[in-house]
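Read off the chains here:
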Amino acid sequence: SQQGEEDPQALSIQEGENATMNCSYKTSINNLQWYRQNSGRGLVHLILIRSNEREKHSGRLRVTLDTSKKSSSLLITASRAADTASYFCATANTGFQKLVFGTGTRLLVSP
Amino acid sequence: SQTIHQWPATLVQPVGSPLSLECTVEGTSNPNLYWYRQAAGRGLQLLFYSVGIGQISSEVPQNLSASRPQDRQFILSSKKLLLSDSGFYLCAWSPTKTDREPYEQYFGPGTRLTVT
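Residues numbered from 1 in each chain as written. Chains lettered and ligands numbered in written order. Predicted model: local features only at pLDDT ≥ 70, side-chain atom pairs only at ≥ 80, totals over all residues. Heavy atoms only, no water.

1. Looking at the sheet that holds strand β1 (residues 3-7) of chain B
Residue and element names in this part refer to chain B. Spatially, 4 strands are ordered β1-β3-β8-β7 in an open sheet, and the strand pairing comes out antiparallel. For this open sheet the edge positions go to β1 and β7 (64-70), each flanked by a neighbour on one side alone. Averaged over all pairs of adjacent strands, the angle between strand axes in this sheet comes to 20°, irrespective of strand direction. The pairing of β1 with strand β3 (residues 19-26) spans 5 bridges and is classified as antiparallel. Paired with threonine 3 across the strands is glutamate 26, a residue of β3. (Pairing = 2+ DSSP bridges. Helix = DSSP H or I, 4+ residues; strand = E, 2+ residues; numbered from the N terminus. Axes fitted to C-alpha atoms, helices over the stretch in contact; angles between N-to-C directions.)

In structure tokens:
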């Protein structure tokens, strides 16, 4: 079953703009992760945030986690055409990493 | 460094035919291994995971099966494919840790299966 629901399902922006994607989940979690998938390829891990963390940064990425609202957001600043991909959140509710993936946000960054 | 391989990259099979997809990991020992399926435009569905040789956990009842004959080899099989088995199959691995710290998964390039 899929726990995460990403919003929006699709996002189209211009290069240089910021892109924000949201993820909502249903049950308590140990951690939440964001992955990126280029068309027809495998997934690449972007960032992991633990349930006791509220914000995390990695380069142009900023992830927030609100466990009271069971939601997370991924912000990509100063987007580039190369950021065009699908982005998935995934949650794990135990120390063992059995991830449950959301439905994904398709991001299109136009030059 | 660790690498993960999947083959074949694409496969077209008739309904009722058998299936065997292979995944191998290099550069690590005793990894956790996972098989996912992704329907077109959708998220990933966990099919099987394994914490060791011969240890397979099934997440979704279906006509697929998995085996782990060697530490770094994970095989997805079917005796008779259905049309609904079409999709993008992804293998992934994660390190085995004893400190209960969370860790990410590393994905292979995937196999595109079309059942006709």
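Having seen it, we continue.
2. Some details on the state of the cysteines
Evaluation of the coordinates by the stated rule reveals 2 disulfides over all chains. The disulfide that involves cysteine 23 of chain A links it to cysteine 89 of chain A, with 2.0 Å between the sulfurs. Note on the cysteine 23 of chain A and cysteine 89 of chain A pair: the S-S dihedral is about 65°, so by sign convention the disulfide is right-handed. Taken together, the residues cysteine 23 of chain A in strand β3 (residues 19-24) and cysteine 89 of chain A in strand β9 (residues 85-92) connect sequence positions 66 residues apart. Its relative accessible area of 1% is what places cysteine 23 of chain A among the buried residues. With relative accessibility at 1%, the residue cysteine 89 of chain A sits in the buried group. Each sulfur of the disulfide joining cysteine 23 of chain B and cysteine 91 of chain B lies 2.0 Å from the other. With the S-S dihedral at roughly -75°, the linkage between cysteine 23 of chain B and cysteine 91 of chain B falls on the left-handed side. Residue cysteine 23 of chain B is found in strand β3, and its partner cysteine 91 of chain B is found in strand β9 (residues 87-94); the two are separated by 68 residues along the sequence. Owing to a relative accessible area of 0%, cysteine 91 of chain B belongs among the buried residues under this scheme. (Disulfide = S-S within 2.5 Å. Buried < 20%, exposed > 50% of the residue type's maximum accessible area, 1.4 Å probe, protein only.)

3. Some thoughts on the pattern of salt bridges
Close approach of charged atoms allows side chains of opposite charge to pair. Per the counting criterion, the structure on display carries 7 salt bridges over all chains. Between lysine 98 of chain A and glutamate 59 of chain B there is a salt bridge, and its shortest N-O distance comes to 3.5 Å. Of this pair, lysine 98 of chain A sits in the loop between β9 and β10 (100-101) while glutamate 59 of chain B sits in the loop between β6 (55-58) and β7, placing the two residues on different chains. Taking the relative accessible area as the measure of exposure, glutamate 59 of chain B reaches 33% and is therefore partly exposed. For arginine 68 of chain B, the salt bridge is made with aspartate 71 of chain B, and the minimal N-O distance between the two is 3.3 Å. (Salt bridge = Lys/Arg side-chain N within 4 Å of Asp/Glu carboxyl O.)

4. Comments concerning the sheet that holds strand β7 (residues 61-66) of chain A
Think of a sheet as strands paired side by side through backbone hydrogen bonds, with each pair either parallel or antiparallel. Residue and element names in this part refer to chain A. Pairing is antiparallel across the open sheet formed by 5 strands, whose spatial order is β1-β3-β8-β7-β6. This sheet does not close on itself; its edge strands, each paired only once, are β1 (5-7) and β6 (55-58). In this sheet, neighbouring strand axes are inclined to one another by 15° on average, regardless of whether the strands run parallel or antiparallel. Examined bridge by bridge, β1 and β3 share 3 bridges and lie antiparallel to one another. Of the residues in β3, the one forming a bridge with glutamate 5 is serine 24.

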